[in-house]
Amino acid sequence: MRVEQGVIHRECGVLKTTYEADMGLYPLPIARWTVAAVAVLFFAVIPLTLHEYFLSVANLVWIAVIGALGLNILVGYTGQVSIGHGAFMSVGAYTAANLANRLGSPWPVNLVAGGLMAALIGAIVGIPSLRIKGLYLAIATLAGQLIIEWTINHVTFISGGVQASIEVARPRLGPMVLDSQRDMYYFLLVFVVLAIIGTMNLMRTRVGRAFIAIRDHDIAAEIIGINIFRYKLLAFAISSFYAGMTGVLYTYFLGIANYEQFQIGVSIDYLAMIIIGGLGSVLGSIFGAIFVTLLPIVIRYTMEAFGGVFFAQQTVLNLIPNLRLMMFGALIIFFLIVEPEGLNRLWRNIRSYFRVWPFAY
Amino acid sequence: MREFLAIATALILATGSLLTAAPSHAQSRGEIVIGVQCDRTGPTQIVGTVLCPAFHDYVALVNSKGGVEGFKLKALEIDHEYKVPPAVESYERHKKDGAVTMAIYGTPQIYALAAKLTEDRIPGTSPGFGSAAAADGVRYPYIFPIAATYWSQGAAAVDFVKKQLGGSLKGKKIAYIFYDNPAGREPIEVIEDLATKEGFQLKTFAVPPPGVEMGAQVLDIAQRFRADFVIGHLFGGAPSVSIKEFKRVGYPLRKVVSFVWGAAEANIDGAGGFAVAEGYFAMQFAGVGTDYPVLNEIREMYKKQGKEPPKEMASTVFYNRGVLIAALHVEAIRNALKAKPDGKITGVDTKAGFEKISNFTLGGLVPPLKISPTDHEGGGLVQIWQVKDGKFVKVTDWFAAYQDVVAKHIKESGAKK
């Protein structure tokens, strides 16, 4: 691979001469350095300096990132709308919880098994996508969500009793029990990295290109020889695999699988994440997950800091949650009006503006 | 391009405020922190918008009288919209702020936090929701239901029906209409056991979420099954719908007894008012009405500040439950501070404090609970109130029933694990 030597060198045109360079994960040396810096930040600086509370928030973000990446593969890259993501998570969660409690299998096995089971169920729920598209498909996956919810709720073999919740022991790494938020931070971060690298590479393969072709025009894709049947179901399976993993990680994070944690509202939240973040982009999924998880918290902190200036304490308590909901909604609308293609596009616009700064045309 | 700079600045400002706001919540000396989770905006907001202000009112009352053993209390509240991730975040935030007890709110939330509470050794309460098996203090050392669980409520309901039907249930027909979720199904096993024991015929009727459509079930109960009595266990708007439906098919409401989440003024108002619901029986884990000394003190406190008593006080069922929850937390802290007068208490001390609560009744608003290291429920006491002449009228005093059967189920559930 031919790579320019400069560290802060930036390209100012399309200068690539080989396919390898064009497909490279790091188009520029600076990208490599950025990734290294981000890795140091997230693997060393943040976990070693911040209070456990902030790490617990980061952990919630990590779980959301993996789930959002999975949903973006299906909705953003393949163009198949799904409102069943929460249910696929619950499939993974209950598979892992049952395996852990009935067979005592270790967490890596449960993690993969939960992912695979969700992939299988996801592929089955995805079958209607072969005949219907868009809103119609959304309703079909909604049915999937409700059927899975109902099944877990009523079949005690899966749910482990009428309470539909199964306690799971903390994951172990040799002699170490991963129970503090700091342990969980590293545990989850490893899978976040794997999920990000996995998605980025997936989209550079034949499979990823087939997904994009189906999204852009399915008939054209079929004509150029893409097996729609196989690739649509594959998209559902891969997306659900991510969802299943998310469910398993969530289960280990909380120490319990409980079906009320995966209800339809969760599916909607994940859709919101990828729409706000940007459909069909890895960075967008990450931005969206961060935005939807952190924004309510940031708004609350801001209001706690300034709310007491204007109102009495009891009023603030009642005002904060309601105002937070309103501001959350308003900010989503604001960002989508500023950039309908999501935060990822916004970020790219800012970047390309500064790329030539201060010498804009 | 200018707007991008504006947004970037806004984001930086927002992050900045996050960092600067953080220390303002740090625990100051001489204060005992209670973490309160709340749902003022989510699906159960009719409960939260009354219950949480009541919690703060009681804490303010205690502080206005000099606090607990010389220490002021501080109740930090976070609204989680009945969602799990915000509940996890608020738990960690309260832990960081030094909370020694936590008032958790919501069944999925107490499930999600059970492991953390136990690992971090901070007692969390789940009055009127959560798992009935959590009454077992040995198995769940840091979970405190502190009110009758659904198993105890089921047992109490059967006992109440028995008395209403003349002392024997042999050959009687009882219908159990429930919200079709884990909480709704939880009491069935206890009621089924009692059906065998007392010789009554039990039929269960599931109402699918969101619980607004139950015409067929109610018609079946009234005209096909012809139940002698109905036990209802519904949530949210469903209890109101059930009252309306029973009224519509002409089934007498004096043959219906509801669990605690179908028992508030809001549920009756939703059905069209007290005149419509005349005769309806409602189970309570806190006293109902405005006639308690502690409520008078809260009104006095507001009057002294030159303010009207809050409008939430009119919704007495939820308000009084909020006072009950706050009062039990305060008692646990009081017991902990008595044991450690230097004020350096942790969750371990408040856990022991909860387990010392006994015969603390707050003038009748709180049942005479007896919480112990093995029994975190405190006896499973309830009262039955009836809708009569435009208000709730007390029908029974605090009672618990079939505690042997409930204990058997708690034991079995522990053995299964």
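Participant: Quick one: what's the story with the sheet that holds strand β9 (residues 256–258) of chain B, residue by residue and with numbers?
Facilitator: All names here are of chain B. Judged by pairing direction, the sheet is mixed, and its 7 strands sit side by side in the order β7-β6-β8-β9-β10-β11-β12 without closing on themselves. With one partner strand each, in any of the chains shown, β7 (201–207) and β12 (391–394) form the two edges of the open sheet. For this sheet, the mean inter-axis angle between neighbouring strands, taken without regard to orientation, is 25°. By the bridge criterion, 4 bridges tie strand β10 (residues 281–284) to strand β11 (residues 383–388) in an arrangement that is antiparallel. Each bridged residue has a counterpart across the sheet, and for A282 the counterpart in β11 is W385. In the packing of helix α7 (residues 188–198) onto the sheet, the strands contacted are β6 (173–179) and β7, and the crossing angle to β7 comes to about 160°. Each of β6, β7 and β8 (229–233) touches helix α8 (residues 215–224); the most contacted strand, β7, lies at about 165° to it.

Participant: So what about the confidence of the model for chain B? Which residues, and what values?
Facilitator: Confidence along chain B averages 90 in pLDDT terms, with 93% of residues attaining 70 or more. For the stretch residues 16–29 of chain B, pLDDT sits under 50, and the model shows 15 contacts to residues farther than four places along the chain or on other chains.

Participant: Can you explain the pairing of strand β1 (residues 31–38) of chain B? Please cite residues and give values.
Facilitator: Residue and element names in this part refer to chain B. With 7 of 8 residues buried, β1 is to be regarded as a mostly interior element. Relative to strand β2 (residues 72–79), β1 is paired through 8 bridges, and the arrangement is parallel. From the neighbouring strand, I32 faces β2, where its bridge partner is L73. Crossover handedness for the path β1 to helix α2 (residues 45–64) to β2: right-handed. In this sheet, strand β3 (residues 99–103) lies alongside β1 in parallel orientation, the contact comprising 4 bridges. Bridged to G35 within β3 is M102.

Participant: Run through the sheet that holds strand β4 (residues 124–125) of chain B, naming residues and quoting values.
Facilitator: Residue and element names in this part refer to chain B. Strand order across the open sheet formed by 5 strands is β2-β1-β3-β4-β5, with parallel pairing between neighbours. The open sheet terminates on both sides in strands that have one partner only, identified here as β2 and β5 (143–144). Across the face of the sheet, helix α3 (residues 84–96) comes into contact with β1, β2 and β3 while running at roughly 155° to β3. Helix-sheet contacts for helix α12 (residues 316–339) involve β1, β2, β3 and β4, and the interaxial angle to β3 is about 155°.

Participant: Any details on the domain arrangement of chain A? Residues and values, ideally.
Facilitator: A common way to express how large an interface is: the accessible area buried when the components associate. All names here are of chain A. Along its sequence, chain A is organised into domain 1 (1–46) and domain 2 (50–280). Relative placement of domain 1 and domain 2: their C-alpha centres are 30 Å apart. Facing the 5 residues of domain 1 at the interface are 5 residues of domain 2.

Participant: Go over the domain arrangement of chain B with me, naming the residues and quoting the values.
Facilitator: All names here are of chain B. Under the domain assignment, chain B is made up of domain 1 (24–148 + 287–381) and domain 2 (150–284 + 382–401). Taken over C-alpha atoms, the centre of domain 1 sits 28 Å from the centre of domain 2. The partner domain 2 presents 20 residues to the 20 residues of domain 1 that form the contact. With 3 residues, the top contributor of residues to the side of domain 1 that touches domain 2 is α12. Of the residues assigned to the side of domain 1 that touches domain 2, the class counts are 11 nonpolar, 8 polar and 1 charged.

Participant: Report on the environment of I110(B), specifying residues and quantitative values.
Facilitator: Residue and element names in this part refer to chain B. Structurally, the position occupied by I110 is in helix α4 (residues 107–120). With 24 C-beta atoms counted inside 10 Å, the residue I110 sits in the buried group. Sequence separation between I110 and V84 is 26 residues; the distance between their C-alpha atoms is 9.2 Å. Once residues lying within four places of it in the same chain are set aside, the contact partners of I110 are I104, G124, S126, F129, G130 and I143.

Participant: I'd like to hear about the nonpolar core, residue by residue, with values.
Facilitator: Grouped together as the largest cluster of nonpolar side chains are 235 residues, with contacts concentrated most on V65(A), I66(A), L249(A), F55(B), A155(B) and M283(B). A per-element tally of this core places helix α3 (residues 52–77) of chain A first, with 17 residues. F55(B) has contacts with V36(B), A75(B), A103(B), G322(B), I325(B) and A326(B), leaving out every residue within four places of it along the chain.

Participant: Can you explain the confidence of the model for chain A? Please cite residues and give values.
Facilitator: Considering every residue of chain A, the mean pLDDT works out to 89; 94% of them sit at 70 or more. Below pLDDT 50 for its whole length, residues 1–7 of chain A participates in 12 contacts with residues either more than four positions away or in separate chains.

Participant: Could you give an account of the interface of chain A and chain B, naming the residues involved and the relevant values?
Facilitator: Tallying the contact residues gives 38 residues for chain A and 38 residues for chain B. Listing elements by their share of the side of chain A that touches chain B, those giving two or more residues are α3, β4 (256–258), α13 (282–310), α14 (313–338) and α15 (343–355) of chain A. Here the side of chain A that touches chain B is built from residues that sort into 19 nonpolar, 15 polar and 4 charged.

Participant: Could you give an account of helix α11 (residues 293–304) of chain B, with specific residues and numbers?
Facilitator: All names here are of chain B. Taking 1.5 Å as the rise per residue, α11 with 12 residues should run 16 Å; its terminal C-alpha atoms sit 16 Å apart, in good agreement. Along α11, the positions that sit buried rather than exposed are V294, L295 and I298. Across the axial projection of α11, the buried residues extend over an arc of 105°, all falling on one side. The exposed residues of α11 that point more than 90 degrees off its buried face are P293, K303 and K304. For α11, the secondary structure elements touched by its buried residues are α2 and α12.

Participant: Provide a residue-level description of α4(B), including the pertinent values.
Facilitator: All names here are of chain B. The terminal C-alpha atoms of α4 lie 20 Å apart, and with 14 residues this matches the ideal 20 Å at 1.5 Å per residue to within 8%. Burial of α4 is extensive: 11 of the 14 residues sit out of reach of the surface. Those residues of α4 not exposed but buried are T107, P108, Q109, I110, Y111, A112, L113, A114, A115, K116 and L117.

About the criteria used
Residues numbered from 1 in each chain as written. Chains lettered and ligands numbered in written order. Predicted model: local features only at pLDDT ≥ 70, side-chain atom pairs only at ≥ 80, totals over all residues. Pairing = 2+ DSSP bridges. Helix = DSSP H or I, 4+ residues; strand = E, 2+ residues; numbered from the N terminus. Axes fitted to C-alpha atoms, helices over the stretch in contact; angles between N-to-C directions. Contact = placed C-beta atoms within 7 Å. pLDDT = per-residue confidence, 0-100. Buried ≥ 20, exposed ≤ 12 C-beta atoms within 10 Å, placed from the backbone. Right-handed = clockwise from strand over helix to strand, strands pointing away. Domains from an automatic or database assignment. Nonpolar A, V, L, I, M, F, W, Y, C, P; charged D, E, K, R; others polar. Core = buried A, V, L, I, M, F, W, Y, C linked by C-beta atoms within 7 Å. Expected span 1.5 Å × (residues − 1). Arc of directions from axis to C-beta.

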